[in-house]
Amino acid sequence: MSAQQIASAVRSGRRSAADVLDEHLERIEAREPELHAFNLVMSGQARSAAAELDRRVAAGEDPGPLAGVPVALKDNLCTRGVPTTCSSRILEGWRPPYDATVVERVRDAGAVVVGKTNLDEFAMGSSTENSAFGPTRNPHDPSRVPGGSSGGSAAAVAAGFVPLALGSDTGGSIRQPAALCGVVGMKPTYGLVSRYGLVAFASSLDQIGPLAADVADAALLLEAIAGHDPADSTSLPGGAPPVSQALDGGVSGVRVGVLRELTEGIDPDVLKRMREAADALADAGAEVEEVSVPATVYGLSAYYLIAPAEASSNLARYDGVRYGLREPAPDVTTMYSRTRARGFGAEVKRRVMLGTYALSAGYYDAYYGQAQRVRTLIIQDFASAYERVDVLLAPTAPTTAFAVGAKAENPLAMYLSDVCTIPSNLAGHPAMSIPFGTGDDGLPVGVQVLAPALGEEAMFRVAGTLERAAPVPAPAAGP
Amino acid sequence: MTPASASHSGPAPQRWETVVGLEVHCELRTATKLFCSCRNSFGEEPNTNVCAVCLGLPGSLPVLNRQAVEYAMRIGEALHSTVRPSIFHRKNYFYPDMPKDYQISQYDEPINVGGWLELPDGGRVGIVRAHMEEDTGKTTHVGGGGRIHEAAYSLVDYNRAGVPLVEIVSEPDLRSAAQARAYVRELRAILVATGASDGKMEEGSLRVDANVSLRRGGSSQLGTRCEIKNMNSLSSLGRAIDYEAERQRELLEEGQDVVQETRHWNEAESRTLSMRSKEEAFDYRYFPEPDLVPVAPQEAWQAQVRAAMPVLPAQRRARLAAAAGTGADVVALLVELDLDGLVLEAIEQGAEPRVALNRAANEVAADLEGARGLDPAAFAALVGMEARGELTATQAKDVLAEMLKAGGDPAAIAKAKGYKALSPDALAAAVEEVIAANAELCARFRAGDGKVMGALIGQLMKATEGKADGNRARAMLTERLEAKA
């Protein structure tokens with residue numbers, strides 16, 4: 001059952017939220033030991049929430065558009081009184097005293113939060129192997145990674161544990177795992193969704209977004225979480241875009257550009273699916289052409305200066321003084337070093353050091369400053385492209401899901417997994433991944449639709465069309 | 001001070017010039033903190049005015065306080081600065097009193113740029129910038145002499161974390177400890193006048209760091225400076241600058257270099273001690289704060305702030321000086337004591353300026369509590385009575401004391417005290433009487449012995465039972481004796 005179907009059934013009283021929840025908890029129980037999608041399953045709290053929803057429905061109330069829909073939260077979203085770990089040892093024992101804005105919003109819409117999903121530590125990674133609590137596995141083939149960093153959320157949706165999940169996307173962390181797990185994943189325009197309560201990785205790039213089994217459900221979740229929040233200064237004014245209405249709009253006359261630079265270095269079977277997607281859009285009435293966005297080739301390099309620089313500052317607070325892990329030491333400086341040495345994993349340390357270096361006196365201009373100039377160029381090049389086309393099309397990831405351990409010892413190879421997704425983060429633009437068939441290995445392939453800032457409606461129209469044209473059905477969310 | 005420097009071959013006294021620039025941190029009197037809605041208040045139970053934002057909890061985000069921006073704009077306006085579109089940066093360093101281990105501060109694009117401050121003596125001190133930033137928490141190191149590395153343990157109070165500050169950086173235009181103190185005193189008066197600060201140095205709402213260097217008199221090149229921290233009163237600021245200038249002079253005269261460093265003023269020992277050298281200085285890794293958007297006050301808002309500006313001390317001094325016909329120190333004093341309004345109103349109502357200034361600067365200034373209830377019209381009336389000779393100076397002081405204590409009409413008080421005015425005619429008659437009765441004293445006066453005037457006035461006071469005004473009597477006696485010569 002899709003989220004839409006569940007909400008409709010619960011709102012009308014045809015199904016109880018408790019029943020829906022039990023069905024999903026059973027699935028979790030069956031496969032979670034094998035997949036490790038969750039850091040925490042909140043069965044007790046979820047049961048109370050579902051029972052409360054059922055009471056409200058019985059009393060004639062409408063709990064909202066997500067009534068009774070089980071939702072999983074990436075474990076870098078703050079939940080009041082519930083451990084929020086970022087899959088890091090350093091946050092050991094920490095329970096936030098507040099809920100993230102998006103958590104409040106999904107609850108207000110009637111959703112039932114069932115658990116906190118695994119991620120690469122502090123969202124740094126592309127495989128969910130960099131978790132202090134062990135890797136998550138791909139439901140399509142448990143010897144493979146689910147992608148990352150929102151690998152737990154993507155796997156949870158792909159395995160039918162939940163119809164909806166929230167992830168965060170700093171360089172592709174929603175879209176890339178969505179592609180590798182065969183689900184829909186969407187990164188909104190920067191500022192469309194409040195970041196309040198999202199544990200920051202790289203503040204100027206982070207954005208929370210939905211993962212879902214289909215495009216309509218992704219639209220439903222986006223509509224629940226988007227819209228201005230006074231607690232986030234970078235939050236845009238206005239409400240959520242009415243994307244659900246756009247899904248069936250078709251693409252007649254829509255101008256689609258195949259993003260030339262992002263077709264390079266892609267596995268041939270993945271690229272073939274993207275070409276088929278372009279053809280499908282042309283068949284559906286879109287005007288398809290190839291478009292160049294030259295500066296995107298520098299995206300990866302710029303990203304790996306800007307994101308670590310911001311992370312080095314955002315992660316400074318984990319110092320053992322106020323919360324989380326503290327390693328005792330005779331003086332405060334040693335306490336800092338020991339706490340951080342033990343509390344952070346290798347990838348986090350690598351990026352903190354990289355970022356610290358990039359911001360250092362004498363290097364700032366050559367590294368951070370230069371990366372920001374590249375960012376400006378990317379925005380300008382996108383702007384030129386969007387004078388000619390309404391949306392852009394690209395692969396989501398260069399490959400299908402790779403084997404657990406295959407890239408774990410090679411950071412650069414791992415970083416290349418995000419080469420197609422990073423440009424949208426640097427530009428602050430929306431982008432989403434839609435399942436579109438499989439690769440030669442039978443594993444899911446995602447194609448990516450990119451749009452200009454606040455171009456969500458056009459993006460969802462194209463996404464809806466692609467979903468209908470996909471060569472094999474997207475893997476079902478459940479029976 | 002050491003024998004070596006004392007015996008150094010004869011430098012001229014003015015050989016070294018002290019150069020001082022000040023950085024003043026001013027806590028703003030906003031109701032809430034800079035980036036959250038916690039109360040901004042001093043002296044509460046530790047860690048009670050805190051929330052997720054000012055504790056820097058994971059996931060929390062700052063939202064800028066509009067009132068703080070407005071106070072910053074007022075400060076800029078008062079210092080003749082240019083208000084500009086500005087951004088916040090992160091200043092990164094580890095310290096337990098910094099919840100995020102970075103401070104949100106303005107760096108190379110501050111809200112206020114340039115400007116000047118006018119000292120009471122008319123001199124101008126250049127302003128480099130006045131920027132916004134958040135305060136840190138407060139650490140108390142227990143044991144080990146109060147320094148973090150020797151302490152047995154440390155306590156942190158985050159009530160102050162996130163309190164809004166404006167840091168005002170002066171040009172190195174100050175040349176002495178006295179000037180530095182005058183600058184801070186004037187700046188404090190300006191900050192209080194704008195409503196931005198309560199100006200309480202003792203509560204830390206005004207904190208001053210001094211950059212001190214020496215250079216050869218006449219040189220336009222600045223010497224190597226040291227930054228002195230931890231002065232918590234105007235007095236310690238002055239002593240710290242004097243100490244530091246002397247320390248540097250000795251080094252330079254011994255042919256040594258001054259090392260650029262941050263030094264800590266130790267109040268108990270009355271000396272500065274090295275905290276960290278330039279090499280040990282933090283690399284703050286400033287970069288633009290991505291959680292905040294640029295602050296670009298629109299022209300309409302700026303105009304509103306300008307229109308609502310209070311009259312500042314320099315303007316008040318100019319106004320009083322013009323009305324009183326003097327620019328003397330007494331004008332600065334009256335403005336500082338907030339008595340200029342009283343004097344101006346009295347002058348407006350016809351009071352003799354000289355008398356009004358004197359009475360305000362002496363008797364009223366001595367009872368600032370009573371001054372608050374003093375009716376300017378009654379004060380003007382008193383000054384008028386004294387100026388017309390209806391009261392002697394002594395009587396006027398006495399009446400004024402009564403007015404400051406309990407209020408009331410000066411004429412009624414004078415009458416109740418039996419201070420009958422000695423009319424000019426009566427005084428003239430008494431003068432003639434004294435001259436006639438003291439021919440010998442008068443002759444000595446005419447012969448040039450000015451000292452006898454005192455005895456003559458004494459006789460006059462006796463004859464009038466003390467009701468004569470001493471000054472008038474002296475004037476009249478002198479006039480009469482010189483006329484007969």
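Throughout this description, residue numbers start from 1 for each chain and increase along the sequence as written. Here chains are named by letter from A upward and ligands by number from 1 upward, in the order in which they appear as written. Totals for whole chains, interfaces and linings use all residues, but because this is a predicted model, local features are given only for residues with pLDDT of at least 70 and pairs of side-chain atoms are given and counted only at 80 or more.

Now for the overall build of chain A. Each helix is a run of H or I in the DSSP string that is no shorter than four residues. Each strand is a run of E no shorter than two, and both are numbered from the N terminus. Of the regular secondary structure elements, chain A holds 15 helices and 11 strands. In this description the radius of gyration comes from C-alpha coordinates, and the expected globular size is given by 2.2 Å times residues to the power 0.38. In terms of overall size, chain A behaves like a compact globule, its C-alpha atoms giving a radius of gyration of 21 Å where 479 residues would be expected to give roughly 23 Å. Summarising its shape, the C-alpha atoms of chain A cover approximately 65 × 55 × 45 Å along the three principal directions. Note on contacts: residues are paired as contacts if their backbone-placed C-beta atoms lie within 7 Å. Residue pairs at least 24 apart in sequence account for 77% of intrachain contacts in chain A once pairs closer than 6 positions are excluded.

A tally of helices and strands in chain B yields 17 helices and 15 strands. Against the 2.2 N^0.38 benchmark of 23 Å for 485 residues, chain B shows a C-alpha radius of gyration of 30 Å, more extended than a compact globule. The dimensions of chain B, computed from C-alpha atoms along their principal axes, are 95 × 60 × 45 Å. We call a residue exposed when 12 or fewer other C-beta atoms sit within 10 Å of its C-beta, buried when the count reaches 20 or more, and partly exposed for counts in between; the C-beta positions come from the backbone. Per-residue burial for chain B yields a buried fraction of 40% across its 485 residues.

What follows is about the domain arrangement of chain B. The extent of an interface is frequently quoted as the accessible surface area lost upon association of the parts. Examined at the domain level, chain B breaks down into domain 1 (3-305), domain 2 (313-416) and domain 3 (424-484). As annotated, the domain borders come from an automatic or database domain assignment. For domain 2 of chain B versus domain 3 of chain B, the separation of C-alpha centres amounts to 30 Å.

All names here are of chain B. With respect to the secondary-structure elements, Val19 resides in strand 1 (residues 16-27). Remark: the alpha-carbon pair of Val19 and Pro172, spanning 153 residues in sequence, is separated by 6.1 Å. Setting aside chain neighbours within four positions, we find Val19 in contact with Pro172, Arg175, Ser213, Leu214, Arg215, Leu222 and Gly223.

Glancing now at the nonpolar core. A set of buried residues qualifies as a nonpolar core if it consists of Ala, Val, Leu, Ile, Met, Phe, Trp, Tyr and Cys joined through C-beta atoms within 7 Å. Counting 236 residues, the largest nonpolar core has Val71(A), Val112(A), Val391(A), Leu393(A), Val449(A) and Val462(A) as the members making the most contacts within it. In terms of residue count, the dominant contributor to this core is helix 7 (residues 215-225) of chain A (9 residues). The residues touching Val71(A), leaving out its near neighbours within four places in the chain, are Val106(A), Ala111(A), Val112(A), Val113(A), Val114(A), Val162(A), Leu164(A), Ala165(A) and Leu166(A). Within the second largest apolar cluster, 34 residues are counted, among which are Ala324(B), Ala351(B), Leu391(B) and Tyr419(B).

This part is about the pairing of strand 3 (residues 112-117) of chain A. Residue and element names in this part refer to chain A. A large share of strand 3 lies buried, amounting to 6 of its 6 residues. Think of it this way: DSSP has to see at least two bridges between two strands before they count as a pair. The pairing of strand 1 (residues 38-41) with strand 3 spans 3 bridges and is antiparallel. Directly across from Phe38, in strand 3, lies its bridge partner Thr117. Two strands pair when backbone bridges link them, and strand 2 (residues 70-74) and strand 3 are joined in this way by 5 bridges, in the parallel orientation. Paired with Val71 across the strands is Val113, a residue of strand 3. The handedness of the strand 2 to strand 3 crossover, carried by helix 4 (residues 101-108), is right-handed. By convention a crossover is right-handed if, when the strands point away from the viewer, the path from the first strand over the helix to the second runs clockwise.

Our next topic: helix 7 of chain A. All names here are of chain A. Of all 11 residues in helix 7, 11 are buried; the element is thus mostly enclosed. Those residues of helix 7 that fall on the buried side of the exposure criterion are Val215, Ala216, Asp217, Ala218, Ala219, Leu220, Leu221, Leu222, Glu223, Ala224 and Ile225. Downstream of helix 7 by one or two residues, Gly227 has phi in the positive range, about 115 degrees.

Further remarks concern the interface of chain A and chain B. Contact with chain A, which involves 33 residues of that partner, is made by 27 residues of chain B. Secondary structure elements with two or more residues in the side of chain A that touches chain B: helix 9 (299-314), helix 10 (332-343) and helix 11 (346-359) of chain A. Here the element with the most residues in the side of chain A that touches chain B is helix 9 of chain A; it accounts for 3 residues. Class assignment for the residues of the side of chain A that touches chain B results in 18 nonpolar, 8 polar and 7 charged. Under this grouping Gly is polar, as are all residues other than the nonpolar Ala, Val, Leu, Ile, Met, Phe, Trp, Tyr, Cys and Pro and the charged Asp, Glu, Lys and Arg.

Moving on to the environment of Cys36(B). Relative to the elements of secondary structure, Cys36(B) occurs in the loop between strand 1 and helix 2 (66-78). By C-beta crowding, Cys36(B) is classed as buried, having 23 other C-beta atoms within 10 Å.

Let's shift gears to the confidence of the model for chain B. The predictor rates its confidence in each residue with pLDDT, a number between 0 and 100. Counting all residues, the mean pLDDT for chain B is 90, and 95% of those residues have values of 70 or more. A low-confidence stretch, residues 1-11 of chain B stays under pLDDT 50, and its non-local contacts, those more than four residues away or across chains, total 9 contacts.

All names here are of chain B. Every axis in this analysis is a line fitted to C-alpha atoms, fitted for helices over the stretch in contact. Angles between the N-to-C directions lie between 0 and 180 degrees. Look at helix 2 against helix 3 (residues 177-194): their axes get within 10 Å of each other, and the N-to-C directions meet at 130 degrees. Judged by the angle between their axes, helix 2 and helix 3 are oblique. Crossing handedness for the pair helix 2 and helix 3: right-handed. Judged by residue contacts, Arg74, Ile75 and Ala78 of helix 2 engage Ile190, Leu191 and Thr194 from helix 3. Classifying every residue of the contact of helix 2 with helix 3 gives 4 nonpolar, 1 polar and 1 charged. Every angle not falling under 35 degrees, over 145, or within 65 to 115 is termed oblique; those three ranges are roughly parallel, roughly antiparallel and roughly perpendicular. It is the rotation of the near helix from the far one that decides the hand of a crossing: anticlockwise by less than a right angle makes it left-handed, clockwise makes it right-handed.

Right, let's get into the sheet that holds strand 11 (residues 444-450) of chain A. Residues and elements named next belong to chain A. Reading across the sheet, the 11 strands line up as 1-3-2-4-6-5-10-11-9-7-8 and stay open at both edges, with mixed pairing between neighbours. The open sheet has two free edges, formed respectively by strand 1 and strand 8 (287-291), since each of these has just one partner strand. Direction aside, neighbouring strands of the sheet carry axes that sit 30 degrees apart on average. Relative to strand 10 (residues 431-438), strand 5 (residues 184-187) runs antiparallel, the two being bridged by 3 bridges. Across the sheet, the residue bridging to Gly185 is Ser433, located in strand 10. Those strands touched by helix 15 (residues 456-469) are strand 7 (255-259), strand 9 (391-395), strand 10 and strand 11, and its axis lies near 10 degrees from that of strand 10.

Once that is clear, we can look at unusual backbone geometry. A cis geometry characterises the amide bond from Gly148(A) onward to Ser149(A), with omega recorded as 10 degrees. Locating Ser149(A) in the fold gives a position in the loop between strand 3 and helix 5 (151-158). Here the phi dihedral of Phe122(A) falls at roughly 55 degrees; this positive angle occurs in a residue that is not glycine. Relative to the helices and strands, Phe122(A) is located in the loop between strand 3 and helix 5. Taking the C-beta count within 10 Å as the criterion, Phe122(A) has 31 such neighbours and is therefore assigned buried. Located in the positive-phi region is Asp101(B), a residue other than glycine, with phi close to 60 degrees. As for its position among the elements, Asp101(B) is in the loop between strand 3 (89-92) and strand 4 (102-105).

Residues and elements named next belong to chain B. With respect to the helices, strands and loops of the structure, Trp301 is situated in helix 5 (residues 299-307). What makes Trp301 partly exposed here is the crowd of 15 C-beta atoms within 10 Å. On a C-alpha basis, the gap between Trp301 and Met73 in space is 9.6 Å, while along the polypeptide they are 228 residues apart.

Let's shift gears to helix 4 (residues 234-253) of chain B. Residues and elements named next belong to chain B. Take the number of residues in a helix, subtract one, and multiply by 1.5 Å to get its expected span. In this model, helix 4 (20 residues) spans 29 Å end to end at C-alpha, consistent with the 28 Å of a helix rising 1.5 Å per residue. As for helix 4, its buried residues are in contact with strand 1, helix 3, strand 11 (206-216), strand 12 (226-231), strand 13 (261-266) and strand 14 (271-277). One or two residues past the end of helix 4 sits Gly255, with phi positive at roughly 80 degrees.

This paragraph deals with the pairing of strand 3 of chain B. Two faces make up the sheet, and in a regular strand the side chains alternate between them. All names here are of chain B. Side-chain alternation along strand 3 places His89 and Lys91 on one buried face and Arg90 and Asn92 on a second face that is also buried. Direction of pairing for strand 3 relative to strand 4: antiparallel, over a ladder of 4 bridges. Paired with Arg90 across the two strands is Ile104, which belongs to strand 4. The sheet contact formed by strand 3 and strand 15 (residues 287-288) spans 2 bridges and is antiparallel. Residue His89 lies in a different strand from strand 15, and its bridge partner there is Pro288.

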